[in-house]
Amino acid sequence: WTCEVTPYDGSETGTSAATSTTVVTDCPSQDANITTQAEADSYIPCVELNSISLHMTSAVTTVNLPNLVTVHDSIYFHANSDLQEVSLPVLNAIGGYAYFYHNYDLTDVDLDALQTVGEYLYFDGNSILEAVGLDVDLILVEEYSYFSNNTLLCVPELDWPTISQDYHYDNGNLDCAD
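Residues numbered from 1 in each chain as written. Predicted model: local features only at pLDDT ≥ 70, side-chain atom pairs only at ≥ 80, totals over all residues. Heavy atoms only, no water.

Peer 1: For this particular structure, what's the right way to read the sheet that holds strand 5 (residues 51–55)?
Peer 2: Strand pairing within a sheet occurs via backbone hydrogen bonds; the two strands may be parallel or antiparallel. An order of 3-5-8-11-14-16-17 is seen for the 7 strands of this open sheet, with the pairing classed as parallel. Each edge of the open sheet is held by one strand with a lone partner, namely strand 3 (31–33) and strand 17 (167–171). Direction aside, neighbouring strands of the sheet carry axes that sit 5 degrees apart on average. Taken together, the 3 bridges between strand 3 and strand 5 define a ladder with parallel strand orientation. Its bridge partner being in strand 5, A32 is matched across the sheet by I52. (Pairing = 2+ DSSP bridges. Helix = DSSP H or I, 4+ residues; strand = E, 2+ residues; numbered from the N terminus. Axes fitted to C-alpha atoms, helices over the stretch in contact; angles between N-to-C directions.)

Right under this line is the structure:
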């Protein structure tokens, strides 16, 4: 993309000139449709994406996007064999939804910085998922939060009725209440 920069030093006198420069990003595209580990790794430099999608992949074991701050639309992880870890440690906003369904080898999802979700947050049938990294930073899920049949997951103890605007569902997960 190109941005236009006009220098201004605070004075009203002098010469000012506008110039354009092309900013190069190492992000391969704005829609991360990942099918291989190499593709997953190629998105490491990305700061923002429109979407992330892994659908029925094999041999992708880790999605680690340490620079990703914003996903404008959706995060979709469906029925990926071999996927063990998803690390999005500085992601603070998802414009649409986050969907994690039937990723049977998934043990850890790091969403530690997540603050807002524009639609829903969904974790179902990730049978060895132990952690989702959600904490008090999460203040808003515009629709609902759904945690079901993640038999090793203690759903974080947050103020879900305040956070989830429609409803919060928690069933079939590890019972970790005090």
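Peer 1: In this structure, what is going on with the sheet that holds strand 7 (residues 70–71)? I would like to understand it.
Peer 2: Taken together, 5 strands build an open sheet; the order of strands is 4-7-10-13-15 and the sheet is parallel. Strand pairing shows two members of the sheet lacking a second neighbour, strand 4 (48–49) and strand 15 (140–141), which therefore form its edges. By the bridge criterion, 2 bridges tie strand 13 (residues 116–117) to strand 15 in an arrangement that is parallel. Paired with T116 across the bridge in strand 15 is L140.

Peer 1: What should I look at first to understand the environment of L114 in this one?
Peer 2: With respect to the helices and strands, the residue L114 is situated in the loop between strand 12 (108–110) and strand 13. In this structure L114 comes out as buried when scored by relative accessible area, which is 0%. Residues L114 and G133, spaced 19 residues apart in sequence, show a C-alpha to C-alpha distance of 8.9 Å. (Buried < 20%, exposed > 50% of the residue type's maximum accessible area, 1.4 Å probe, protein only.)

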